[in-house]
Amino acid sequence: MRVLLVEDDPMIGAAVQAALKDASYATDWVRDGLSALTTVRTQHYDLILLDLGLPGRDGLEVLTSIRATGDPVPLLILTARDALDARLQGLDGGADDYLLKPFDMAELLARMRAVLRRKGGTGSPALTNGMVTLDPVTKMASVPDRESAALSAREFSLLQALLIRPGAILSRRELEDRIYGWGEEVESNAVEFLIHGLRRKLGTDVIRNVRGLGWMVSKPT
Ligand code: CA
C-alpha cells in the first residue's frame, strides 16, 4: 500500500516515514504543498497524511485542490493542538480524520487502518479471497489446512496488493509500486523472490502467474 506523507518538519517526517516502513507501507515523503499537488497528479496513493502548516501552499489549500478534482483518496490531517479552526476546516474540506501532534505512531497506524476501512474496504481487519486470509494488524497469513504464517514486511505488501483486488492481474511494475517507496533500491527479481517466499509459506497455488502479464490471486468462488 502506498502512502504520501506531506510534512515539512524533518524530525516528524523522518519518524513517521520510519514507522510506516516498519508497518509495510511504501511511503513517499514531500515537504511542501506544491510538491504534494504535483505528486498526486502522477502517482496513485492509497492514503495521504497531510500536515496543515506547510511552506508555500498550506495543507488546507492542498486538501481543497485534491478534493476539487474529485479524488476520493483517504486523507488524514496531522496538525498542532492549538489549530482548532484549521482542523475543523480540514474536516469540512473533505479530510477523513485528523491527528493531533505530537502523536503516538501506534495511534497513527490505527487511525490509518480505520480510515482505510471506512473508505472502501482496503484496510478491512482481514483481507481474504476465500482461500488465503491476511491480517493487517498481525501480518499473519493463513490458508485452510495449514498453520498461519508470519510474513515479512514486503511479502505482506505484495500479498495485500493482490488481495485488495482478487482476480485482477498486477504487473511487476504495479507490484513494485506497492512495495517500494521512492529511493528504495528495487532488485530486478525482487517480485519473483517474494512470490517464491509466499508460495513456500502458503502453498504454490495461492498466487497464480499469468504469463507475460503478471500475477493474481483467484476471486472468491
Ligand atoms: Ca508543519
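Given the structure is predicted, the values throughout are model-derived calculations rather than measurements. (Residues numbered from 1 in each chain as written. Predicted model: local features only at pLDDT ≥ 70, side-chain atom pairs only at ≥ 80, totals over all residues. Heavy atoms only, no water.)

Caption draft 1: Structural view of the overall build of the protein. When helices and strands are tallied, the protein shows 8 helices and 11 strands. By the compact-globule yardstick of 17 Å for 221 residues, the protein fits well, its C-alpha radius of gyration being 18 Å. The proportion of buried residues among the 221 residues of the protein is 48%. Split by element, the accessible area of the protein, about 10,900 Å² in all, is 52% carbon and sulfur. (Helix = DSSP H or I, 4+ residues; strand = E, 2+ residues; numbered from the N terminus. Rg over C-alpha atoms; globule rule 2.2 N^0.38 Å. Buried < 20%, exposed > 50% of the residue type's maximum accessible area, 1.4 Å probe, protein only. Areas by Shrake-Rupley, 256 points an atom, 1.4 Å probe, with all protein chains shown as cover.)

Caption draft 2: A look at the sheet that holds strand 9 (residues 149-150). Taken together, the 4 strands give an open sheet; going across it, the order is 6-7-8-9, and neighbouring strands pair in antiparallel fashion. Each having just a single partner strand, strand 6 (127-128) and strand 9 make up the two edges of the open sheet. Sheet topology places strand 6 next to strand 7 (residues 133-135); 2 bridges connect them, and they run antiparallel. When the sheet's bridge partners are listed, T128 is paired in strand 7 with T133. (Pairing = 2+ DSSP bridges.)

Caption draft 3: Focus on the packing of aromatic side chains. As enumerated under the stated definition, the model contains 0 aromatic pairs in all. If you follow R31 out to its NZ or CZ, it ends over the ring of W29, 3.7 Å from the centre. Over the ring of F156 we find K139, and its NZ or CZ is 4.5 Å from the ring centre. (Phe/Tyr/Trp six-rings, centres within 6.5 Å; stacked < 30°, edge-to-face > 60°. Lys NZ or Arg CZ within 6 Å of the ring centre and 35° of its normal.)

Caption draft 4: Local environment of the coordination of the calcium ion. Protein coordination at the calcium ion: the donors are D8 (OD), D51 (OD) and G53 (O), at 2.2 to 2.3 Å from the metal. When the donor residues of the calcium ion are listed from N- to C-terminus, their spacing reads D-x42-D-x1-G. (Donors = N, O, S within 2.8 Å, 3.2 Å for Na, K, Ca; no water.)

Caption draft 5: Quick look at the pattern of salt bridges. Evaluation of the coordinates by the stated rule reveals 12 salt bridges. When the shortest N-O distance is used, the salt bridge between D96 and R67 registers 3.2 Å. Of this pair, D96 sits in the loop between helix 4 (84-92) and strand 5 (97-101) while R67 sits in helix 3 (residues 59-68), placing them 29 residues apart in sequence. Accessibility assignment for this pair places D96 and R67 in one class, buried. Linking D177 and R178 is a salt bridge whose minimum nitrogen-to-oxygen distance equals 4.0 Å. Within the structure, one salt-bridge network assembled from shared partners comprises E7, D51 and K101. (Salt bridge = Lys/Arg side-chain N within 4 Å of Asp/Glu carboxyl O.)

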